[in-house]
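What follows is the residue order along each chain.
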Amino acid sequence: MNFFSTRRNVLAGGAMLGASALMPKFAGALAAGLDTLPPSPVRLGIASYTFRKFDQAHLIDFMKQLKTPYLNLKDAHLPMTPADQVAPKAAEYRAAGFTLTAAGTIYFTKDDDDDIRSKFEYCKAAGIPLIVGAPTHQTLPRVEKFAKEYNIRVGIHNHGPEDKEWPSPLDVLNAVKNMDSRMGCCIDVGHTMRAGTDVVGAIRKAGPRLFDIHMKDLADGTKKESQVAVGQGVMPVPEIFKTLIEMKYPGYVDLEYEIFPDDPMPGVMQSFAYMRGVLAGMGYKG
């Protein structure tokens, strides 16, 4: 029995399951099969907000357990001050084998050059090319000015129906459509679903303005508090991955697991196993 026929026999109800859902007698076959697959064009990473209750040493250990090098750093793990420690601290993550893909979410609530510049200086010092940002409509033009000056992209993070500025990525796209190409979206798929926006459709519409994805899953697509491990809810993960592959999306899919902050690893591991299982079913090693 080959790897793919093995997977078909253990998939339940057509749902793509992760490696952790396989019976033990299939584990060796799965591992051998994964080793023969080409690398996935969908690059799975972590939004470090997932581990906000843990320090740098724990974050590094968790990342190594997850076997992903891609890290979207929150300021809990890369403080903005003191400024002279930003570059050395970022270097510690790189020395541990990680690629710093983004910083944030970073909020731009003050329409003030000095305040906004300090946050771009932070990313410049860290050598991070993308800000996952939350400007206001008022501060947006000033943020664009600094994105051009520093050549740092800004992916505006939507936060669902409670967000008066950016409930949906469609609101972001409407605001940045005539702006510099360095202004775009970080689509949070959970908040997008809760805003009543078709997730896959929003990804397609964003096109080259899609800079990052924050991945999560919901048991109820209308309720923020219904978050579950990826694969346990209603998020159309296979369709999302298929669409990203078709688009040749060059960015990252960062798990942002916001529940169980004191003990997130079981859900994080399950989420990664599921996502990697989906990619394996598509013929890729995730």
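Up top is the structure.
Sequence order as written defines residue numbering, which begins from 1 separately in each chain. Per-residue local features are limited, in this predicted model, to residues with pLDDT of at least 70; the limit for side-chain atom pairs, both in listing and counting, is 80 or more; totals at the level of whole chains, interfaces and linings are taken over all residues. For the side-chain quantities, the full set of heavy atoms in the structure was used; hydrogens and water were omitted.

> Any chance you could explain the sheet that holds strand β6 (residues 183-188) here in plain terms?
Consider a sheet: its strands pair through backbone hydrogen bonds, and that pairing is either parallel or antiparallel. If DSSP finds at least two bridges between two strands, the strands pair. Secondary structure elements follow DSSP: runs of H or I of four or more residues count as helices, runs of E of two or more count as strands, with numbering from the N terminus. Around the barrel, which closes on itself, the eight strands sit in the order β1-β2-β3-β4-β5-β6-β7-β10 with parallel pairing between neighbours. Each strand axis lies, on average, 30° off the axis of its neighbour in the sheet, ignoring direction. Strand direction decides the pairing type here: strand β3 (residues 99-108) and strand β4 (residues 130-135), joined by five bridges, are parallel. By the bridge assignment, Gly 104 is partnered in β4 with Val 132. We call two residues in contact whenever any of their non-hydrogen atoms come within 4.5 Å of each other. Every axis in this analysis is a line fitted to C-alpha atoms, fitted for helices over the stretch in contact. Angles between the N-to-C directions lie between 0 and 180 degrees. Helix α3 (residues 56-66) contacts β1 (43-47) and β2 (70-73) of the sheet and is inclined by roughly 145° relative to β2.

> Is there a simple way to explain helix α10 (residues 237-247) in this structure?
At 3.6 residues per turn, the α-helix brings residues three or four places apart onto the same side. Every buried residue of α10 is listed here: Val 237, Ile 240, Phe 241, Thr 243 and Leu 244. All buried residues of α10 fall inside an arc of 160° around its axis, so they share one side. Residues of α10 that are buried in the fold lie against β1, α8 (189-194), α9 (199-206), β7 (210-215), β10 (252-255) and α11 (265-281). Trailing α10 by a residue or two, Lys 248 shows a phi angle of about 55°, which is positive. For every residue, the accessible area (1.4 Å probe, protein chains only) is compared with the maximum for its type, and the residue is labelled buried under 20%, exposed over 50%, or partly exposed between those bounds. For this quantity, the arc is that covered by the directions from the helix axis to the C-beta atoms.

> What am I meant to see in the pairing of β3 here?
Residues in a regular strand project their side chains so that they alternate between the two faces of the sheet. For β3, the buried fraction is high: eight of the ten residues fall into the buried class. Viewed along the sheet, the connection from β2 through helix α4 (residues 86-95) into β3 turns out right-handed. Orienting the strands away from the viewer, one traces the path from the first strand over the helix to the second; a clockwise path indicates a right-handed crossover.

> Help me out: how do you make sense of the packing of α10 against α11 in this one?
In a packed pair of helices, the relevant descriptors are the angle between the two axes and the axis-to-axis distance. As a packed pair, α10 and α11 sit with axes 10 Å apart at the nearest point and diverge in direction by 55°. As judged from the angle between their axes, α10 and α11 are oblique. Every pair of crossing elements has a handedness; the one defined by α10 and α11 is right-handed. Side by side, α10 and α11 meet where Val 237, Pro 238 and Phe 241 of the first sit next to Tyr 274, Met 275, Val 278 and Leu 279 of the second. Angles below 35 degrees are treated as roughly parallel, those above 145 as roughly antiparallel, those between 65 and 115 as roughly perpendicular, and all remaining angles as oblique. Crossings are classed by handedness, with left-handed meaning an anticlockwise turn of the near helix from the far one by less than a right angle and right-handed meaning a clockwise turn.

> Got a minute to help me understand the packing of aromatic side chains in this structure?
Given two aromatic rings, their pairing is described by the distance between the two centres and the angle made by the two planes. Note on ring pairs: Phe, Tyr and Trp rings are taken, using the six-membered ring of Trp, and paired if centres are within 6.5 Å. Classes follow the plane angle, with under 30 degrees stacked, over 60 edge-to-face and the rest tilted. Within the structure shown, the criterion is met by seven aromatic pairs. Measuring from centroid to centroid gives 5.9 Å for Phe 108 and Phe 120, while their planes differ by 35°, and the two rings are tilted. With Phe 108 in strand β3 and Phe 120 in helix α5 (residues 113-126), this residue pair connects regions lying twelve residues apart in the sequence. Taken together, Phe 108, Phe 120, Phe 146 and Tyr 150 form an aromatic cluster joined through their ring pairs. Against the face of Tyr 49 rests Arg 52, its NZ or CZ located 4.2 Å from the ring centre. A cation over an aromatic ring shows up here: Arg 153 above the ring of Phe 211, its NZ or CZ 4.4 Å from the ring centre. Criterion for a charge above a ring: Arg CZ or Lys NZ at most 6 Å from the ring centre, at most 35 degrees from the ring normal.

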